Amino acid sequence: MIVDKSSLILNEFFISNSLIKVIPFDLETFDFHAVQNNYPIDIDFQIRINKENDDHLIYIKLNINPEENPGYYVAADAVGVFNFDENVLLSEKDKKA
């Protein structure tokens, strides 16, 4: 697959909160490699538009292994600030897609 260039420009990116921990497990019975490839991943996001400068703020909340089963647990909150490339002509419908 060839990826097309995005019309969005990333201006800033902030990680506001992060946590990584290891939930204890029994080394003799725990198949770590089988588990790590099947962790549930929960991603929530919200998009807000600043009408004064047309910044698009995308808030992201990520949880890997949210039930905190044995193995790794990862949580992070982040914000990305984007604008559309002014050299690309997009309709309002395209911007919302």
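Small disclaimer: the values here were computed from a predicted structure and weren't measured.

About the criteria used
Residues numbered from 1 in each chain as written. Predicted model: local features only at pLDDT ≥ 70, side-chain atom pairs only at ≥ 80, totals over all residues. Heavy atoms only, no water. Helix = DSSP H or I, 4+ residues; strand = E, 2+ residues; numbered from the N terminus. Rg over C-alpha atoms; globule rule 2.2 N^0.38 Å. Buried < 20%, exposed > 50% of the residue type's maximum accessible area, 1.4 Å probe, protein only. Areas by Shrake-Rupley, 256 points an atom, 1.4 Å probe, with all protein chains shown as cover. Lys, Arg positive; Asp, Glu negative; His and termini not counted. Charge placed at Lys NZ, Arg CZ, Asp CG, Glu CD. Pairing = 2+ DSSP bridges. Salt bridge = Lys/Arg side-chain N within 4 Å of Asp/Glu carboxyl O. Contact = heavy atoms within 4.5 Å. Patch = residues over 30% accessible without salt bridge, like charges linked within 9 Å, V, L, I, M, F, W, Y side chains within 5 Å.

**Some remarks on the overall build of the chain**
When you go through the chain residue by residue, the secondary structure sums to two helices and four strands. Ordering the α and β elements of the chain from the N terminus gives β-α-β-β-β-α. For 97 residues, the compact-globule estimate of 2.2 N^0.38 gives 13 Å, and the C-alpha radius of gyration of the chain, at 19 Å, exceeds that figure by more than 25%. The principal-axis extent of the C-alpha atoms belonging to the chain is close to 60 × 30 × 20 Å. Relative to its 97 residues, the chain shows a buried fraction of 24%. For the chain, the accessible surface area stands at approximately 7900 Å², while carbon and sulfur atoms represent 54% of it. Side-chain charges of the chain comprise 8 positive and 17 negative groups, with the mean position of each set lying 10 Å from the other.

**Digging into the pairing of strand E3 (residues 55–64)**
In this sheet, E3 lies alongside strand E2 (residues 41–50) in antiparallel orientation, the contact comprising ten bridges. Within the sheet, the bridge partner assigned to Phe45 lies in E3 and is Ile60. Adjacent in sequence and paired antiparallel, E2 and E3 are bridged by four residues, among which Asp54 carries a positive phi angle near 65 degrees. Alignment of E3 against strand E4 (residues 71–84), held across nine bridges, turns out to be antiparallel. In the sheet register, His56 faces E4, and the bridge partner there is Phe82. Count of turn residues in the E3/E4 antiparallel hairpin: six residues, of which Asn65 carries a positive phi of about 65 degrees.

**Focus on the pattern of salt bridges**
For the coordinates displayed, the defined rule picks out one salt bridge. Note that Glu68 is salt-bridged to Lys21, the shortest N-O span being 3.0 Å. Note that Glu68 is positioned in the loop between E3 and E4 and Lys21 in strand E1 (residues 8–23), a separation of 47 residues in sequence. On the accessibility criterion, Glu68 (34% relative accessible area) is partly exposed.

**A few points about the environment of Pro40**
On the secondary structure map, Pro40 appears in the loop between helix H1 (32–36) and E2. Other than its neighbours up to four places away in sequence, Pro40 contacts Asn63, Ile64, Asn65 and Pro66.

**Concerning a nonpolar patch on the surface**
On the surface, a nonpolar cluster with roughly 910 Å² of combined accessible area is contributed by Leu10, Phe13, Ile15, Ile41, Ile43, Phe45, Ile47, Ile49 and Ile60. Counting only elements with at least two residues in the nonpolar patch, the list comes to E1 and E2. It is E2 that contributes the most residues to the nonpolar patch, five residues altogether.

**Side note on unusual backbone geometry**
A negative phi angle is the norm for most residues apart from glycine, just as the trans form is the norm for most peptide bonds. Phi angles above zero are rare outside glycine, and Asp54 is one such case at about 65 degrees. Summarising the element assignment, Asp54 is placed in the loop between E2 and E3. Here Glu68, not a glycine, exhibits a phi torsion of approximately 55 degrees, which is positive.

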